[in-house]
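# Analysis of the macromolecular model
Below are the chains, spelled out letter by letter.
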Amino acid sequence: MDIACGAPVESVEGSAPYWVDSLWVSDDRTVLSCLAAPRVTAVDYATSPDGSVTLVMLRAADPLSFPELGWAGPPVEPEAAGSAYSDSSIAQALSQGEPSPWLEDFDVVVLDPGHGGRDPGAVGPRGTLEKDRTLEIALLARDLLALRMPNVRVVLTRSDDSYVPLAARTRIANREQADLFVSIHCNAAVRREAGGFETFFLSLARTDDARAVSAMENAAAELDDPSDPMAQGDALSFLLADMSQSVFLHQSSALASIVQQNLSREWPDGCDRGVKQAGFYVLRGAFMPSILVETAFISNPREEALLESLDFRFRAARAIVAAIEEFAMGRGSIR
Ligand SMILES: [Zn+2]
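Residues numbered from 1 in each chain as written. Predicted model: local features only at pLDDT ≥ 70, side-chain atom pairs only at ≥ 80, totals over all residues. Heavy atoms only, no water.

### Notes on the overall build of the protein chain
Which entries qualify depends on this criterion: Secondary structure is summarised from DSSP: a helix means a run of H or I of at least four residues, a strand means a run of E of at least two, and numbering begins at the N terminus for each. Here the term buried applies to any residue with accessible area under 20% of the maximum for its type, exposed to any over 50%, and partly exposed to those in between, with areas from a 1.4 Å probe on protein chains only. Any two residues whose heavy atoms approach within 4.5 Å are treated as being in contact. Working definition of accessibility: Shrake-Rupley area with a 1.4 Å probe, residue cover restricted to the visible protein chains.
What the protein chain contains, in helices and strands, is eight helices and 10 strands. Taken over 335 residues, the protein chain has a buried fraction of 49%. Partitioning the intrachain contacts of the protein chain with sequence separation of at least 6 by distance along the chain shows that 74% fall at a separation of at least 24. Carbon and sulfur atoms make up 54% of the accessible area of the protein chain, which amounts to about 15600 Å² in all.

This is the structure we're talking about:
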């Protein structure tokens, strides 16, 4: 929709009237205001650097559908139950050093917003919660992926503030026969000045820093309810975990590099901390290339402010999506 300065913007013709009654932008383009229906609980926006595109984000109380636009609402999230682990064909393929049988076509991506529910993740100096920011970046990435790669099905391990055990996250990816698993996080360090972005793939941690990050992200496992079957890793999954990740080592590390390149393009002032290896619980047992992105340091006041801005979250999401696109196109040559 075009936003005229100093004038109300009519609802888009034929679109859902319960969205917004009128949208105003002040003459100096510094103020956006709107009259929104009660179902809209928050409005936020971001403008591209050249000012040509403004993304207006309306948050609704309930999931919306727009039958008049041919959109039936958000995809139904899969039930977090069942497991593809017992599939002996996968086990056999992996034991012979072959990739999972479903990886021929690139058609499913699982995005994993870190933490959620009773696990807030890291908390910024001003109280920003990692779990909120990771969810927002993942939701933006999901929507961008739907635009950029319409033939790819995107599955989220969570789409609201719910708790998902670490072991359940890769289980969802395996069950959905995902071609990629991307876990999205915000970093934290005792040293407030620490900043920048880094991307991990699974292995034994190589440095003390990498070990500290994996210890922090793995701590969520302590919040698991021991009686929850989704929190249990089965014996086969642990046997296969290292095996599967060594099959995907090159692809995971290539994807991690592409994510870093795209993040530095979106955030040239940010510190590129590079690709790292560490023992992340959430990546164990994923039968596909998988990475964990630490988008920015929530413990750094300047970066906490960045994570609070939609513009930065949009850039982070766009970098992740651009990397997935690039990876999908070139993956035949990555071995
Ligand atoms: Zn995290």
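Let us keep going from here.
### Structural notes on the environment of D208
Tracing the chain through its elements places D208 in helix α4 (residues 208-218). Taking C-alpha positions, D208 is 9.8 Å from A278, a pair spaced 70 residues apart along the chain.

### A word on the packing of helix α7 (residues 301-308) against helix α8 (residues 310-330)
This is how it is decided: Axis definition: a line fitted to C-alpha atoms, over the contacting stretch in the case of helices. Angles run 0 to 180 degrees between N-to-C directions. To sort the angles, those under 35 degrees are grouped as roughly parallel, those over 145 as roughly antiparallel, those from 65 to 115 as roughly perpendicular, and the leftovers as oblique. The residue classification treats Ala, Val, Leu, Ile, Met, Phe, Trp, Tyr, Cys and Pro as nonpolar and Asp, Glu, Lys and Arg as charged. All others, Gly included, are polar.
The geometry of α7 relative to α8 is characterised by a closest axis approach of 5 Å and an angle of 80 degrees between their N-to-C directions. Overall, the two elements α7 and α8 adopt an arrangement that is roughly perpendicular. Every residue of α8 that contacts α7 at L306, L307 and E308 is listed here: L310, F312 and R313. Among the residues making up the contact of α7 with α8, the classes are represented as four nonpolar, no polar and two charged.

### Some thoughts on the environment of E217
With respect to the helices, strands and loops of the structure, E217 is situated in helix α4. By relative accessible area, E217 is classed as buried at 3%. In this structure the C-alpha to C-alpha distance between E217 and H115, which are 102 residues apart in sequence, comes to 8.6 Å. Not counting residues within four places of it along the chain, the set of residues in contact with E217 comprises H115, E130, L166, H185, C186, F280 and E294.

### Some thoughts on the confidence of the model for the protein chain
Put simply, the rule reads: Scored between 0 and 100, pLDDT is the confidence that the predictor attaches to each residue.
Mean pLDDT over the protein chain stands at 78; residues scoring 70 or higher make up 62%. The low-confidence segment residues 1-18, where pLDDT is below 50, has 42 contacts with residues more than four positions distant or belonging to other chains.

### Topic: the nonpolar core
Applied cut-off: Put simply, buried Ala, Val, Leu, Ile, Met, Phe, Trp, Tyr and Cys residues joined by side-chain atoms within 4.5 Å make one nonpolar core.
F106, V109, L111, L145, V182, I291 and I324 are the most contacted members of the largest nonpolar core, which has 46 residues in total. Broken down by secondary-structure element, the contributors of at least two residues to this core are β5 (108-113), α2 (130-148), β6 (153-156), β7 (180-187), β8 (197-202), α6 (249-266), β10 (290-297) and α8. No other element matches α8, which puts 12 residues into this core. Each residue touching L145, except ones within four places of it in the same chain, is listed here: V109, L111, P150, V154, V321 and I324. Counting 22 residues, the second-largest nonpolar core is a separate cluster that includes L103, A210, A220 and L283.

### Here we look at the coordination of the zinc ion
In plain terms, the rule: In this description, a donor is an N, O or S atom within 2.8 Å of the metal centre, a cutoff extended to 3.2 Å for sodium, potassium and calcium. Water is not part of the atom list, which can make sites seem incomplete.
The zinc ion binds to the protein through H115 (NE2), E130 (OE), H185 (ND1), E217 (OE) and E217 (OE); the donor distances cover 2.0 to 2.4 Å. Sequence positions of the residues that donate to the zinc ion give the spacing H-x14-E-x54-H-x31-E. Within this pair, whereas H115 is found in the loop between β5 and α2, its partner H185 is found in strand β7, the two being separated by 70 residues in sequence. Look at H185 and you get buried, because its relative accessible area is 5%.

### Overview of the sheet that holds β5
Quick note on the threshold: Only strands joined by at least two bridges in the DSSP assignment are considered to pair.
Ordered by their spatial adjacency, six strands build an open sheet running β6-β5-β7-β10-β8-β9, and the pairing between neighbours is mixed. The two strands at the open ends of the sheet, each matched to only one other strand, are β6 and β9 (272-278). If you compare each strand with its neighbour and ignore which way they point, the axes differ by 20 degrees on average.

### Section: the packing of α6 against α8
Spelled out, the test is: It is the rotation of the near helix from the far one that decides the hand of a crossing: anticlockwise by less than a right angle makes it left-handed, clockwise makes it right-handed.
Contact geometry for α6 and α8: axes closest at 8 Å, N-to-C directions at 140 degrees. In terms of axis orientation, α6 runs oblique to α8. Note that α6 runs across α8; the crossing there is right-handed. Contact with α6, carried on its side by Q251, L255, I258, V259, Q261, N262, L263, R265 and E266, involves R315, A316, R318, A319, A322, A323, E326 and F327 of α8 and no other residues of that element. Its residues assigned to classes, the contact of α6 with α8 shows nine nonpolar, three polar and five charged.

### Some remarks on the packing of aromatic side chains
The cut-off we apply is this: When two rings of Phe, Tyr or Trp (its six-membered ring) have centres within 6.5 Å they constitute a pair, described as stacked for plane angles under 30 degrees, edge-to-face for angles over 60, and tilted for the intermediate range. Geometrically, a lysine NZ or arginine CZ counts as sitting over a ring once it is within 6 Å of the ring centre and also within 35 degrees of the ring normal.
Overall, the coordinates contain three aromatic pairs when judged by the stated rule. With centroids separated by 5.5 Å and ring planes inclined at 40 degrees, the aromatic side chains of F197 and W267 adopt a geometry described as tilted. Here F197, found in strand β8, pairs with W267, found in the loop between α6 and β9; they are 70 residues apart in sequence, far enough to count as distant. The two residues F197 and W267 agree in class, both being buried. Taking the centre distance of 4.9 Å and the plane angle of 80 degrees together, the rings of W267 and F312 count as edge-to-face. Remark: F312 occurs in helix α8 and W267 occurs in the loop between α6 and β9; sequence separation between them is 45 residues. Through a chain of ring-to-ring contacts, the aromatic side chains of F197, W267 and F312 assemble into a single cluster. Stacked on the ring of Y163, the Lys or Arg R118 has its end atom at 3.8 Å from the ring centre.

### Re helix α3 (residues 166-175)
Among the 10 residues in α3, nine count as buried, and that is most of the element. When we look at burial in α3, the residues that qualify are L166, A167, A168, R169, T170, R171, I172, A173 and N174. Buried residues along α3 sit in contact with β5, β6, β7 and α4. Q177, located one to two residues past α3, shows a positive phi value of around 55 degrees.

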